[in-house]
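# A look at the structure
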Amino acid sequence: MTIKFTAMNKQHIIGVFNEENELLSAIRRVKENGTEIAEIYTPYPIHEAIEAMGKKSRFSFAAFLFGFAGASGVLLFLMYTAVWDWPINYGGKPTNAFPSFIIVTIVLTILTITLASLFTFSVRAKVYPGKKFVMPDHRSMDDKFVIVFFAGSDTENEKLTNLLNEEGATEVYNKELQPLI
Amino acid sequence: MYKTEVRGSLIHGNKNYHQISTDIIAPIDQPIPLWWKAAMGISLLALLYGIVAIYLTVTVGIGTWGVNNSVAWGWEIINFVWWIGIGHAGTAFSIFLLILRQKWRTSINRAAEAMTVVAVGCAALFPAIHMGRIWLAFFIFPYPNTRGPLWVNYNSPLFWDFIAISAYLLISASFWYFGMVPDFATIRDRTKSKVKKAVYGFFAFGWTGSTKEWLRYESLSYVLGGIAAVLVVSVHSIVSTDFASSVIPGWHTTIFPPYFVVGAIFSGFAMVMTLMIIIRKLYKFQDYVTDSHLNAIAKILVFISLIMGTAYATEIFIAWYSGSQYEFFTFFNNRITGDYAFEFWAMVICNAFIPQLFWSKKIRSNLTAAFIISIFINIGMWYERFNIIVTSLSKDYLPSSWTTYHPTWVEIGFYVGTLGMFVAGVLLFFKYIPMIAISEVKGILKATTPGNDHKIHSHE
């Protein structure tokens, strides 16, 4: 199969695989060659593919910060309202009944972490209502494992196409895509 | 690591990825079946009865109920705790099994979480309306007001309860929704209907399945799983402090928080079993919800049943051993014997004895038997809440204020209404949402089916 590629920014080479292990061995070979992968689309999370893209998530650290902010914010609010602003005598109990503030603090901290993390997820992964998205191959959320490359010179493209075919790609085609975000 | 040679395959029928999407999305594409319409009609009728009951309660007042000065908490709090208990399973199921990397959860977690969201919604109605003047319910929010500002009492377990349940509802609903986003994208990309493409496309939030999205999706699900596990334990512990921090005999015990949490997970898992057997039967999901899945739930149920039995025995033992005559009276004269002996023994038999039948492999694998036992557990857990609330309140320290309690038709209507709401909610879920987490099932397919390449999936 010889495909004439024109070297343009929007031109992409798309390899479609039926099996996860074929995709992974293709990724390994492409990485050895030093070719840059634009993006990989899979029907479910595949750790090796995520690692191959060299991405790391700092979610747990962000969640810790949200939790810290949430916990101190809630505690301060409880102290302000119940102790400083308008102390009320409930059956002679101390107004600064610190241990009983802990329960509300724990629950609201969890709520803060959840809502803030979901918001962060939406911002960082760019997943939000009404988003305009680019999906190189519409079967990739069903049963296809799709790998996308930036098109290069004709010889490079042919080499890449051959490599993908050797690794068991069912289809290799080029397509003009809006910049992948 | 899941060993298929020991536990059998988790997905039967030699499926490929495309078949998994097709099978699970099928109920959404097919026309609405007759049984669905009939069940929806009945549940809407029940809901209507509930709406009439709520209307009467709100317009006339709590006087329409059978509660009185002694038994101030009747069916409403019984049903509230019962629903919250059922609502516990979904998140418990997803979260604990997610943290423990249990692959068998993937076929069940979606339905369990759906059940949670609807059940917690039903539960929240009861205390809200029990306040009496629901149009003043916003008083419970700590907001700057013109009455001082008079802030709420943070030492009150009733306020903790309000915070816990609102947070639980919000968090379980978002966790559930977040898990559905990739599956909505699958529907969006497959459907030929323009309406479905637009609607599911909107709810899919532009999901594409790129590594950038999956990376954050996975990290977020573990973060949420980790912190929501704390929430699951805390919510029902807080519900138990509504009772345990009072000085009523039978309530004032330190066993209450773990006892309530375990009881909630017990009733929730039983409801998961009931629901999964129904889903499997009606939608022919035997290949996804296999005997092995139901077997695992049955084993958990038999274990929790032993804990429940131990808790009942501990309560009775302490009532005698503490030497408190009030505790002794409550347990020995007003529960084990006396006016409410039937309710007590119904609780013990349904929760501690009947589930022991699950020790037998024959019964575990007989779906009809498992279904009936799961229903018995839910009835038993309802009686447990009846026992705790009504027996302790009906005969307290002053014999002159002893009284009995019977629900009125309005209270029964309120309960029937929430049952209708629950069934209607679950039916909508059957029809419009993929009942099984498609992407998660695809993720475990190769690792849990014999004859596939295990090595490449060793990233667990």
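Predicted model, so just to flag it, every value in this text is computed and none were measured.

### What to know about the interface of chain B and chain A
Counting residues at the interface gives 59 residues for chain B and 56 residues for chain A. When contributions to the side of chain B that touches chain A are tallied by element, the ones reaching two or more residues are α2 (17-29), α6 (157-190), α8 (211-244) and α16 (438-445) of chain B. Here the side of chain B that touches chain A gets 18 residues from one element, more than from any other, and that element is α8(B). Taken together, the residues that form the side of chain B that touches chain A break down as 31 nonpolar, 18 polar and ten charged.

### Thoughts on helix α14 (residues 367-394) of chain B
A turn of α-helix holds 3.6 residues, and therefore any two residues three or four places apart point the same way. Residue and element names in this part refer to chain B. Over its 28 residues, α14 runs 40 Å from end to end, which matches the ideal 40 Å to within 8%, given 1.5 Å per residue. The sharpest bend along α14 reaches about 25 degrees and sits at N387. Summarising burial for α14: 20 of the 28 residues are buried, a large majority.

### What about the environment of T290(B)?
Mapped onto the elements of the fold, T290(B) is located in the loop between α9 (256-283) and α10 (291-321). Here T290(B) is in contact with L10(B) and H12(B), once residues within four sequence places are set aside.

### Digging into the packing of α6(B) against α8(B)
All names here are of chain B. Their axes nearest at 9 Å, the elements α6 and α8 cross at an angle of 150 degrees. Regarding α6 and α8, the two cross each other, and that crossing is left-handed. Mapping the contact onto sequence places P157, L158, W160, D161, A164, I165, A167, Y168, I171 and F175 in α6 and L224, A228, L231, S234, V235, I238, V239, T241 and D242 in α8.

### Quick word on the environment of G13(B)
Residues and elements named next belong to chain B. Counting through the fold element by element, G13 comes out in the loop between α1 (4-7) and α2. The exposure class of G13 is partly exposed, given the 13 C-beta atoms found within 10 Å. It is 6.1 Å that separates the C-alpha atoms of G13 and D287, two residues lying 274 residues apart in sequence.

What counts, and where the lines are drawn
- Residues numbered from 1 in each chain as written.
- Chains lettered and ligands numbered in written order.
- Predicted model: local features only at pLDDT ≥ 70, side-chain atom pairs only at ≥ 80, totals over all residues.
- Contact = placed C-beta atoms within 7 Å.
- Helix = DSSP H or I, 4+ residues; strand = E, 2+ residues; numbered from the N terminus.
- Nonpolar A, V, L, I, M, F, W, Y, C, P; charged D, E, K, R; others polar.
- Expected span 1.5 Å × (residues − 1).
- Bend = angle between axes of the 7 residues up to and from the residue.
- Buried ≥ 20, exposed ≤ 12 C-beta atoms within 10 Å, placed from the backbone.
- Axes fitted to C-alpha atoms, helices over the stretch in contact; angles between N-to-C directions.
- Left-handed = near helix turned anticlockwise from the far one by under 90°.

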